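Fold and contact review
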2 protein chains.
Amino acid sequence: MRETQPENAPLTLAIDAMGGDHGPEAVLDGAAAAAAAGLKARFLFFGDRAVLGPLLAARPKLAGSEVRHAPGVVAMEDKPSQVLRRGRDSSMWAAVEAVAKGDAAVVVSGGNTGALMAVSIFQLRMIDGVDRPAISALWPTPNGRSIVLDVGANVEADANQLVQFAIMGEAFFRALTGKEKPTVGLLNVGAEELKGHDLIRNAARILREADPDMAFAGFIEGNDISKGTVDVVVTDGFTGNVALKTAEGAARLVASWIKKALTNSIITRIGALLLRVQLIKLRERMDPSSANGGVFLGLNGIVVKSHGGADANGVKSAIELAASLARHPFRDEVAQTVAAVAKRAVNVRVTNQNSDEAKAAAV
Amino acid sequence: MRETQPENAPLTLAIDAMGGDHGPEAVLDGAAAAAAAGLKARFLFFGDRAVLGPLLAARPKLAGSEVRHAPGVVAMEDKPSQVLRRGRDSSMWAAVEAVAKGDAAVVVSGGNTGALMAVSIFQLRMIDGVDRPAISALWPTPNGRSIVLDVGANVEADANQLVQFAIMGEAFFRALTGKEKPTVGLLNVGAEELKGHDLIRNAARILREADPDMAFAGFIEGNDISKGTVDVVVTDGFTGNVALKTAEGAARLVASWIKKALTNSIITRIGALLLRVQLIKLRERMDPSSANGGVFLGLNGIVVKSHGGADANGVKSAIELAASLARHPFRDEVAQTVAAVAKRAVNVRVTNQNSDEAKAAAV
């Protein structure tokens, strides 16, 4: 079921070197760190040759990689429509184009999410049968990590789109981890069958009846995400984005409390010293950069969005994630499953209620 | 603007003593702890007299309080409609009835949320001009606490309902803290005007144009909640419920990591010993029971939902919250503001797009 490429197959990664708040230096440092950690890959760095040339030359770990000149830069405040019209000379455009042309297996960019999505849809096109792309995020759990999608590609999703997100997320998680049967849950306000929106209930019915191969666990609630109750958490982009950012905010608040506790007095500072090694591990666990990399799913090509604020370490994580996905392509599997489910779902009564009809109390 | 009652005015609280996973003993312990902490109030404990009588007699701190016999118990799995039809002999029903009749200023219950909401709407009725009730939750922040609503009374809310939630939340926060001008934000996926659902944009427009007295801060994102960016976070019940539970899950994961770090070895245990006082403070801060109490807003009477799993300490928090609200009624203020905004909003062009039209990409 899982198509893989040998670990030592030549791999080429397209890198938008001008995206991200820390500038091209952090991007190349991240690539060099990934290479130093054992990643066998050639990088194509897209951006201003005058800037990138010296940076590349100064990093022997990146020998074999090259700079491809693209002078334009997509700014964080640029609208996607502007970039589609006037951004064709940009590093982002050229990096995505390298995947579209087959020059690279995957593209990594820390630029403007909306623009990257628009440019990716325009150049790579959707997988047959998939209506809308989704952004998938890694989420730390006690057992490792889960994925959550959509975290912001669409503000709304109907039942069929949620079903497609589930299929894409399952294939992505399998590619990422090798787990044959990842478990999938639909994010809801209650685990009982009667709670939540009609459209989520419809999505659950379609998954249960039309995709018998999926290890579908039904509904989960917000607290299940960090518990790792399922491998793949499916939701619409509005809810997923709020959940992701809310969890980050809560974790950051707790971290600030910990810091306060550790630096309260001389005694606590000594205590903190004895805990030093464990506290470093804790900090690494809580470091958002270790889970950096939002993967755009549903396209004919792999696009990894690195966080705009990611440092070299964060870029390294995103690059390693991208390389791992490039070695385990899952596009054909998604297309086949989506088609099979759509065929079986013809016999499933599907009614996507509009919001007025779905106002039943959640309580 | 703020109607208050003197701190020493006689206050009577109706307590559903049979609700909650820890049983009536934890409920009466919580009330006794609140009394021991200085709360001047008389409690009416609703439930089985044979069970509650001895428990009350054994707690001298509760002298002056009384048991009112109500033999029926609402189970966690009972449907709201069942309870409305067959639950009139229950402790929950009788406790809410005490507020409806004016025997008590406020009711606290740890029972089934859906049933409590249905029973409360049935007996207390909505405030004039308010369409739907909302459940408001306390949320810890670096500066103290914010409130988030709705966290689960409704799975969806239209623009006008979000506006009503904002008005209710603002009045509630003022009653709770005494702050004259609480800041209010609408939860969205981006702070820019163009992001998110149409209905959230409509709600923002109505608030800006029709309630000039409100300190409305516009859109906020998930990570702003724990930062305390605004005092009152307004959202629909689906998103609010997911956000609340997701944050609880993330905080619990971090707490488990901290525990692991502290108990890793003899050295770390000694370190933890030196940090003991601060770690206890940290645990108290992270203890969900310290923020226990979901307040039902929009009804002609104050209903506080204690968490089903709350221990005596959690019940104490919910009772103290309830008493504080009983001393600062805000129902009339909500009715007046809702009416004034509805009047002004006639001139505001309001179009509630249905979900199909609102599918613009959020990115």
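Let me begin by describing the structure that accompanies this report. (Residues numbered from 1 in each chain as written. Chains lettered and ligands numbered in written order. Predicted model: local features only at pLDDT ≥ 70, side-chain atom pairs only at ≥ 80, totals over all residues. Heavy atoms only, no water.)

1. Points about the packing of helix α4 (residues 91-100) of chain A against helix α5 (residues 113-124) of chain A
All names here are of chain A. At a minimum axis distance of 10 Å, the contact between α4 and α5 shows a crossing angle of 35°. As α4 packs across α5, the resulting crossing turns out to be right-handed. Each of Met92, Trp93, Val96, Glu97, Val99 and Ala100 in α4 lies in contact with α5, whose residues at this interface are Ala115, Leu116, Val119, Ser120, Phe122, Gln123 and Leu124. (Axes fitted to C-alpha atoms, helices over the stretch in contact; angles between N-to-C directions. Helix = DSSP H or I, 4+ residues; strand = E, 2+ residues; numbered from the N terminus. Left-handed = near helix turned anticlockwise from the far one by under 90°. Contact = heavy atoms within 4.5 Å.)

2. A word on the packing of aromatic side chains
Under the definition given, this model contains six aromatic pairs over all chains. Measuring from centroid to centroid gives 6.0 Å for A:Phe172 and A:Phe330, while their planes differ by 35°, and the two rings are tilted. Taken together, the positions of A:Phe172 in helix α6 (residues 159-177) and A:Phe330 in the loop between α12 (312-327) and α13 (331-345) put the pair 158 residues apart, joining distant regions of the chain. Note on A:Phe172: relative accessible area 1%, which makes it buried. The exposure class assigned to A:Phe330 is buried, which follows from its relative accessible area of 9%. Their ring planes at 25° and their centres at 5.6 Å tell us that B:Phe43 and B:Phe45 sit as a pair that is stacked. (Phe/Tyr/Trp six-rings, centres within 6.5 Å; stacked < 30°, edge-to-face > 60°. Buried < 20%, exposed > 50% of the residue type's maximum accessible area, 1.4 Å probe, protein only.)

3. Brief notes about helix α2 (residues 49-57) of chain A
Residues and elements named next belong to chain A. For α2, every residue scored as buried is listed here: Leu52, Leu55 and Leu56. For α2, the buried positions fall inside an angular range of 95° around the axis, keeping them on one side. Looking at α2, the residues exposed on the side facing more than 90 degrees away from the buried face are Ala50, Pro54 and Ala57. Looking at the buried positions of α2, the neighbouring elements they touch are α1 (23-36), β2 (42-47) and β3 (66-69). Where α2 begins, the capping side chain belongs to aspartate 48, and its oxygen is found 3.0 Å from the backbone nitrogen of alanine 50. (Arc of directions from axis to C-beta. Polar contact = N/O pair within 3.5 Å; in protein donor to acceptor, adjacent residues only side chain to side chain.)

4. What to know about a nonpolar patch on the surface
A cluster of nonpolar side chains, A:Ile266, A:Ile267, A:Ile270, A:Leu274, B:Ile266, B:Ile267, B:Ile270 and B:Leu274, forms an exposed patch at the surface whose accessible area comes to about 710 Å². Of all the secondary structure elements, the ones that give two or more residues to the nonpolar patch are α10 (266-274) of chain A together with α10 (266-274) of chain B. Mapped onto the secondary structure, A:Ile267 falls in helix α10. (Patch = residues over 30% accessible without salt bridge, like charges linked within 9 Å, V, L, I, M, F, W, Y side chains within 5 Å. Areas by Shrake-Rupley, 256 points an atom, 1.4 Å probe, with all protein chains shown as cover. Salt bridge = Lys/Arg side-chain N within 4 Å of Asp/Glu carboxyl O.)

5. Observations regarding helix α5 (residues 113-124) of chain B
All names here are of chain B. Relative to the 16 Å expected for twelve residues at 1.5 Å per residue, α5 spans 16 Å between its end C-alpha atoms, a close match to the ideal helical length. When α5 is considered as a whole, its buried residues turn out to be Gly114, Ala115, Leu116, Met117, Ala118, Val119, Ser120, Gln123 and Leu124. Contact partners of the buried residues in α5: α3 (80-86), α4 (91-100), β4 (106-109), β5 (134-141), β10 (294-297) and β11 (302-305). With a side-chain oxygen positioned 3.2 Å from the backbone nitrogen of glycine 114, the residue opening α5 is asparagine 112. Phi turns positive one or two residues past the end of α5, at arginine 125, with a value near 65°. (Expected span 1.5 Å × (residues − 1).)

6. Here's the deal with the sheet that holds strand β6 (residues 144-149) of chain A
Residues and elements named next belong to chain A. If you trace the eleven strands from one edge of the open sheet to the other, you get β3-β2-β1-β4-β11-β10-β5-β6-β9-β7-β8, paired in mixed fashion. Edge positions in the open sheet fall to β3 and β8 (215-220), since each of these has one partner strand only. Going from strand to strand, the sheet's axes swing by 25° on average, the running direction of each strand aside. By the bridge criterion, three bridges tie strand β10 (residues 294-297) to strand β11 (residues 302-305) in an arrangement that is antiparallel. Note that in β11 the partner of phenylalanine 296 across the bridge is valine 303. Sheet contacts for α5: β4 (106-109), β5 (134-141), β10 and β11; angle to β11, the most-contacted strand, approximately 175°. (Pairing = 2+ DSSP bridges.)

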